[in-house]
Amino acid sequence: MKFVHICEEFEYTWIGKDNGMIPIYAHNVLGFESEIVTCDLKEDLPEDVRGVKIVKIPRWFKKMKKFAPWVMFIKRIPLYRYICKNAKDIDVLMLFHVTKCSYWNAFFYKKFNPNGKVFIKADFNLGVYEKEIKKTQMKPRNLREFFRKRREIKEYDKRKKLVQIANLISYETREAYDKMKNSYAGVSTEGRTILLSNGYDDLLIEKNFKLKNYEEKENIFLTVGRLGTEEKNTEFLLKVLEKVDLKDWKFFFVGSIESKFQKKIDDFFQRFPEKKENIIFTGIVKDRELLYEYYNRSKVFILPSKWESFGIVMVEAMAFNNYVLTSNTCAAKDITDAEKVGEIFSIVDENELIEKVRKIIDGKIDLQKKEKLIDNYKNRFKYSSIIKSLNLGDY
């Protein structure tokens, strides 16, 4: 059977995320012939990865701005042409997000292969969904709100049509699944939804790494992400580190750095030059094996995000038995097992995280004991196990 994931703006670093992992594990574990179809806008993608072919489709009018929906439709014509031409050979079409864009991909696929199966990985943020639904139901108070409501209604008209033709929709967190399992925006999805957590690349890790135990690890706090973006909330960590004496611990920031945020880093070290020895910014790490070495060395992973649809970096950290401190994002309860293998903190006031970090530095939290709990719990996040719940033959 052929499994195709269409991800128009797929990036190299996404190979290790759910966008890349699901096609890879569909091939390596379930035995599908897998492909990822994309426009390769950054021109940095290989021809294949771990047996999964990467098909590169041109995009028309790359430099034309997205000032109207019809512009994006025209840009995507080569992609739609690919779908129409190859639909009959595709048994399962995987799409990310319940959006108008996904609707058109599914629409053309079903037109040319009505028996084919559409799998929507929702990559879902329940809070965002609830706000959007409210916009479709609000009574406009001014012209701006009138047009906003009309835009949201048009978007959801297409989303509802997508949900109607989808064979399977997956949600990443228990809270989202419990809320959405039977309907989406008033459209019944009963019997066509599953809870499909994000996970970590256990086949790669088990093949290439000897996991360090607690005694072998270093006193390292770690965070990974696009540093300085609004959602990643990295500035919050700098505020915490202003008030924490790391002693013999180090804090590693791994990831690309936004240009505006670099100024805040420079200002931080100007005010606290003595902290340069303990606080390290590595820059972006594209090599996943090198990234995993940071996880393997560290004891504690911290994620201060304002929002996340899931937070894959947290389960990657848990794969190496890191203790996780996270803000209260969508998957925080799932990942920390309701704070049995990690802790959740508020981002309203940095004092809560300051106190948690100090307790770890002062040895008031038994990280060695926590390591055993994490090692047990993390098995539910192995992609080789997760992918087996994708029983597409039942839908």
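Preceding this section is the structure that the text describes.
Notes on the structure follow. Going along each chain's sequence as written, the residues are numbered from 1 onward. Restriction of local features to residues with pLDDT of at least 70 applies here, the model being predicted, together with a cutoff of 80 or more for giving and counting side-chain atom pairs; totals for whole chains, interfaces and linings are based on all residues. Water and hydrogen atoms were dropped before computing side-chain values, which therefore reflect all heavy atoms in the structure.

## Quick look at empty space enclosed by the protein
Here is step 1: With a 1 Å grid laid over protein atoms only, a set of points is called a cavity when a 1.4 Å probe fits there but cannot get out and a pocket when it is open yet has protein on both sides within 12 Å along at least five of seven lines; lining residues have an atom within 4 Å of a point. Grid points are joined across faces, edges and corners, and a volume is the space filled by probe spheres set on the points. If you walk through the whole model with that rule in mind, you get two cavities of 30 Å³ or more.
Here is step 2: Taken as a whole, the largest cavity encloses approximately 60 Å³ of empty space.
Here is step 3: Taken together, Tyr214, Lys217, Lys299, Asn321, Tyr323, Leu367, Lys370, Glu371 and Ile374 make up the full set of residues lining the largest cavity.
Here is step 4: No other element matches helix α15 (residues 367-377), which puts four residues into the lining of the largest cavity.
Here is step 5: In the lining of the largest cavity, the residues fall into four nonpolar, one polar and four charged.
Here is step 6: The volume enclosed by the second largest cavity comes to roughly 40 Å³.
Here is step 7: Lining the second largest cavity, in full, are Thr223, Val224, Gly225, Leu227, Lys232, Thr234, Leu237, Leu303, Pro304 and Ser305. Helical segments are the DSSP runs of H or I of at least four residues, strand segments are the runs of E of at least two, and each set is numbered from the N terminus. The residue classification treats Ala, Val, Leu, Ile, Met, Phe, Trp, Tyr, Cys and Pro as nonpolar and Asp, Glu, Lys and Arg as charged. All others, Gly included, are polar.

## Structural notes on the sheet that holds strand β15 (residues 323-327)
Here is step 1: Taken together, six strands build an open sheet; the order of strands is β13-β12-β11-β14-β15-β16 and the sheet is parallel. Each of the sheet's edge strands pairs with one partner strand only, and the pair in question is β13 (279-283) and β16 (342-345). Strand-to-strand, the axes of this sheet are offset by a mean angle of 20°, without reference to chain direction.
Here is step 2: Strands are labelled as partners when DSSP assigns at least two bridges between them. Judged from the five bridges that link them, strand β11 (residues 220-224) and strand β12 (residues 250-254) form a sheet pairing that is parallel. Of the residues in β12, the one forming a bridge with Val224 is Val254.
Here is step 3: What makes two residues a contact is simply this: any of their non-hydrogen atoms within 4.5 Å. Note on geometry: axes are C-alpha line fits, over the in-contact stretch for helices, and angles between N-to-C directions span 0 to 180 degrees. Its contacts with the sheet put helix α12 (residues 312-319) on β11, β14 (300-303) and β15, and the angle it makes with β14 is roughly 175°.

## As for the side chain of Arg192
Here is step 1: Within the secondary structure, Arg192 sits in the loop between β9 (187-188) and β10 (193-195).
Here is step 2: In this structure, Arg192 is buried with no salt-bridge partner, the nearest side chain bearing the opposite charge being Glu190 at 9.3 Å.
Here is step 3: N or O atoms within 3.5 Å of each other form a polar contact, as long as, within protein, one can give a hydrogen and the other can take it, and as long as residues adjacent in sequence are counted only when both atoms are side-chain atoms. A distance of 2.7 Å separates a polar side-chain atom of Arg192 from the backbone oxygen of Ser188. Accessible area is worked out with a 1.4 Å probe on protein chains only. A residue is then buried under 20% of its type maximum, exposed over 50%, and partly exposed in between. Note that His is not counted, nor are the chain ends; the positive residues are Lys and Arg, and the negative ones are Asp and Glu. A side-chain nitrogen of Lys or Arg and a carboxyl oxygen of Asp or Glu constitute a salt bridge if their distance falls within 4 Å.

## Some remarks on the packing of aromatic side chains
Here is step 1: Stacked, edge-to-face and tilted are the three classes for Phe, Tyr and Trp ring pairs, Trp counted by its six-membered ring, which pair at centre distances within 6.5 Å; planes under 30 degrees apart are stacked, over 60 edge-to-face, the rest tilted. Scanning the entire structure with this criterion turns up 35 aromatic pairs.
Here is step 2: With a centroid separation of 5.6 Å and an interplanar angle of 85°, the aromatic rings of Phe209 and Phe320 are classed as edge-to-face. Taken together, the residues Phe209 in the loop between α8 (202-208) and β11 and Phe320 in the loop between α12 and β15 connect sequence positions 111 residues apart. The residues Phe209 and Phe320 share a single accessibility class, namely buried.
Here is step 3: A centroid spacing of 5.4 Å and a plane angle of 75° characterise the contact between Phe268 and Phe269, whose relative ring orientation is edge-to-face. Both residues of the pair, Phe268 and Phe269, belong to the buried class.
Here is step 4: Three or more aromatic residues joined by ring pairs make a cluster, and in this case those are Phe221, Trp249, Phe251, Phe253, Phe268, Phe269, Phe272 and Phe281.
Here is step 5: Over the aromatic face of Tyr156 sits the side chain of Arg159, whose NZ or CZ is 4.5 Å from the ring centroid. Any Lys NZ or Arg CZ found within 6 Å of a ring centre and within 35 degrees of that ring's normal is scored as a charge over the ring.

## Quick look at the pattern of salt bridges
Here is step 1: All told, the structure shown has 29 salt bridges when counted by the stated rule.
Here is step 2: Glu8 is the partner of Arg76 in a salt bridge, and the nearest nitrogen-oxygen pair spans 2.7 Å. Taken together, the residues span a long stretch of sequence, with Arg76 in the loop between α2 (69-75) and α3 (77-86) and Glu8 in the loop between β1 (2-6) and α1 (18-28) at a distance of 68 residues.
Here is step 3: Taking the relative accessible area as the measure of exposure, Arg76 reaches 15% and is therefore buried.
Here is step 4: A relative accessible area of 10% means that Glu8 is categorised as buried.
Here is step 5: Here the salt bridges do not stand alone but share partners, grouping Glu8, Glu9, Arg59 and Arg76 into one network.

## Observations concerning unusual backbone geometry
Here is step 1: Look at Asp123: it is not a glycine, yet its phi comes out positive at around 45°.
Here is step 2: Summarising the element assignment, Asp123 is placed in the loop between β6 (117-121) and α5 (126-137).
Here is step 3: If you check the backbone angles, Ala185 has positive phi at about 50° while not being a glycine.
Here is step 4: Among the residues examined, Ala185 registers a relative accessible area of 17% and is labelled buried.

Structural measurements only, silent on function.
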